[in-house]
Amino acid sequence: MKAIEIRNKYLNFFKKNGHAIIPSAPLIPENDPSVLFTTAGMQPLVPYLLGEKHPEGTRLTDYQKCVRTNDIDEVGDNRHLTYFEMLGNWSLGDYFKEESIAMSFEFLTKELEIPVEKLSVTCFAGDEDCPKDTVSANVWKKVGIPEERIYFYGKDDNWWIAGEEGPCGPDTEMFYDTGKPPCSDNCQPSCDCGKYVEIWNNVFMEYFKEKSGYSKLTKRNVDTGLGLERMAMLLQGKETPYDTEIFRPIMEKLEELQKEDYIESRRIVAEHLRSSMMIISDGGRPSNVDRGYVLRRLIRRMIRHLNKLQINLEQLETLIDININNLKEMYPELEKNKEIIKNVIIEEKNKFVKTLAHGEKEFEKEIKKMQENGITKVAGNVLFKLYDTYGFPPEVTKDLAQEAGYEVNIEEFEELFKKHQEKSRQGSEQKFKGGLAEQNEKTIAYHTATHLLNVALKQVIGKDAHQRGSNITVDRMRFDFNCDHKLTDDEKKAVEDLVNKWIQEGLEVTKQEMRKEDALKSGAECMFIEKYPDIVTVYTIGNISKELCGGPHVSNTKELGKFKIKKEESSSSGIRRIKAILE
Ligand code: SER
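Residue numbers run consecutively from 1 along every chain, following the written order of its sequence. Whole-chain, interface and lining totals are the exception, using all residues; otherwise, since this is a predicted model, local features are given only for residues with pLDDT of at least 70 and side-chain atom pairs are given and counted only at 80 or more. Side-chain metrics rest on all non-hydrogen atoms present in the structure, leaving aside hydrogens and water.

Participant: Talk me through the sheet that holds strand β13 (residues 477-482); I want residue IDs and the actual numbers.
Facilitator: Strands were regarded as paired on the criterion that DSSP finds at least two bridges between them. Only DSSP runs of H or I covering at least 4 residues are called helices, and only runs of E covering at least 2 are called strands; the numbering of each starts at the N terminus. Sheet architecture is open: four strands sit in the order β12-β13-β18-β17, paired in antiparallel fashion. With one partner strand each, in any of the chains shown, β12 (467-472) and β17 (563-572) form the two edges of the open sheet. Averaged over all adjacent pairs, the angle separating strand axes in this sheet is 20°, with direction ignored. Where β13 lies against strand β18 (residues 575-582), six bridges are found, and the strand directions are antiparallel. Each residue of the ladder has a partner; that of Asn482, found in β18, is Ile575. Against the sheet, helix α17 (residues 489-504) makes contact with β17 and β18, and its axis sits at roughly 135° relative to β17, the strand it touches most. The angle between two axes is taken between their N-to-C directions and runs from 0 to 180 degrees, where each axis is a line fitted to C-alpha atoms and a helix contributes only its stretch in contact. When checking whether two residues touch, look at their non-hydrogen atoms; a contact exists if any pair is within 4.5 Å.

Next up, the structure:
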């Protein structure tokens, strides 16, 4: 079964079971600098898992584009991917363990036709925070999983939380038996031998974890995640995701073009190219910080491996075309953003090739020195020099070192890298304080106007006109929100009038710090963010608006000037975009 068929079956199955299909959020969480990329289907849904009402109801399903960056240097083996798609279904205070497990079982055995004998499951063993999950185990037994294939594990395996704090709970995981021989008499889902592959994770999200401990959420939710590439691989009886239709065309082309034969390099090129395309398509651009730096590393490592395969870099465009052609049914946005994807990747390639050969020579010199001195680990300062002078991401140097039989001291590099970033951050703050102070006032005013616009839209369009993103420059503000129609002239005027009325009223803007639960309970607005700090700042404007926000803001709305909508357009399906100015 092809990946797209699995996706469609999944969404239809949950639709049939009363779930609303919601669109994938972008890979780059807007307005949330606390995370680099969307890493799980639940991430954009956190406010709803914490109790906010979702406009589509209490049963939701989607496919979510995800990027996880912890394992970039593992890509090339037979399983790690930086980009993947997660299928998910959620209950927001609706069904719980029994129905969730029954639906998962039905989907796996009836829709995907996986024989029951191939399935094992794991449940939470219980500890001082939360009791043993016998409820889930009993449901599994009832639907048809025999007791000997139901395992219990502790928090390391059967507890889910994104990061250190946030909504969380015990989970039950489903495993597929590949039919490989057991690695020992005690071979079981928790071991890493490859016989059992995790296919689906149902989290029973009942708790909220913060530093001081666990508290109960107001509602009991279900959050599930199923990795699409992995499921496609298993159902197709393939050994790796690269053997599925998702990667076959690009892998075949690489085989045809290569002059040297390295399977790992082909996988790295295929995987990093897909990730880079998806990130660029959702607005990412290479740079030396944060998200941009991840993208830069992906593209540069890919270039280095194209070189290793001795594939002419002029072929990049063909490779991008092949990938877009192959993936556009799953991701129509790739076709739409084809030119930008090509331009960004090719420009980054051009930057990197200028220094690549020199950097490789420098690396060889260092290796020679190390040989003479009997050193086997490339030091952090060498890694840093190659990064700083030749633009070599540490993964690239690590690949080179491994090929030459050497290790690298990544920790030492990370320390130097951090220090360097800290220095340049301080540098740019200095610059901001000096020459850009006046412009700063302008952006602060736009920031406050954004809060007013958020409320005005809810009053004019309806309470479901939620903020979906915003962007501020010194010249204008941009605001994205849910709305199923183009705003009429009357609606636009009503929104403008409301904002200007509040500006004229000279409303005070006040700032208050409070515990995050209290803030959410008090009805403060917030955009999706993966996790809030313990104490949040809430900005209140008169009795008009209350929002969780880092600020800064003006102290009175009369400082804003006149608000004017310059443009109203579609941003993406179901999302409208307003561009406005303060005159
Ligand atoms: N949040 C869980 C996961 O990422 C289930 O979706 O596995």
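Participant: Can you explain the site of the ligand? Please cite residues and give values.
Facilitator: We call a residue near a molecule or strand as soon as one heavy atom of that residue lies within 4 Å of the molecule or strand. Residues in close proximity to the ligand include Ala40, Met42, Arg68, Met86, Trp160, Asn201, Val203, Asp223, Thr224 and Gly225, which together make up its full environment. Exposure was quantified through the Shrake-Rupley algorithm and a 1.4 Å probe, taking into account, for residues, occlusion by the shown protein chains and nothing else. Relative to its unbound accessible area of 230 Å², the ligand is 94% covered by the protein chains. For the shell around the ligand, the secondary structure elements donating two or more residues are β8 (196-210) and β9 (213-227). For the shell around the ligand, the element with the most residues is β9, which contributes three residues.

Participant: So what's going on with the pairing of β9? Residues and values would help.
Facilitator: As paired strands, strand β3 (residues 83-92) and β9 are joined by five bridges and run antiparallel to one another. Counted as the bridge partner of Ser91 is Val222 from β9. Alignment of β8 against β9, held across nine bridges, turns out to be antiparallel. Within β9, the residue paired with Glu210 across the bridge is Gly213. In textbook terms, the turn of a hairpin is the stretch between consecutive antiparallel strands, and for β8 and β9 this stretch comprises two residues.

Participant: Residue-level account of the sheet that holds strand β16 (residues 545-548), with values.
Facilitator: What the three strands build is an open sheet, ordered β14-β15-β16; its pairing is antiparallel. With partners counted over all chains shown, the strands left at the sheet margins are β14 (509-515) and β16, one partner each. Each adjacent strand pair in this sheet contributes to an overall mean axis angle of 25°, direction not counted. Two strands pair when backbone bridges link them, and strand β15 (residues 535-541) and β16 are joined in this way by four bridges, in the antiparallel orientation. Pairing of Ile541 across the sheet is with Ser545, part of β16.

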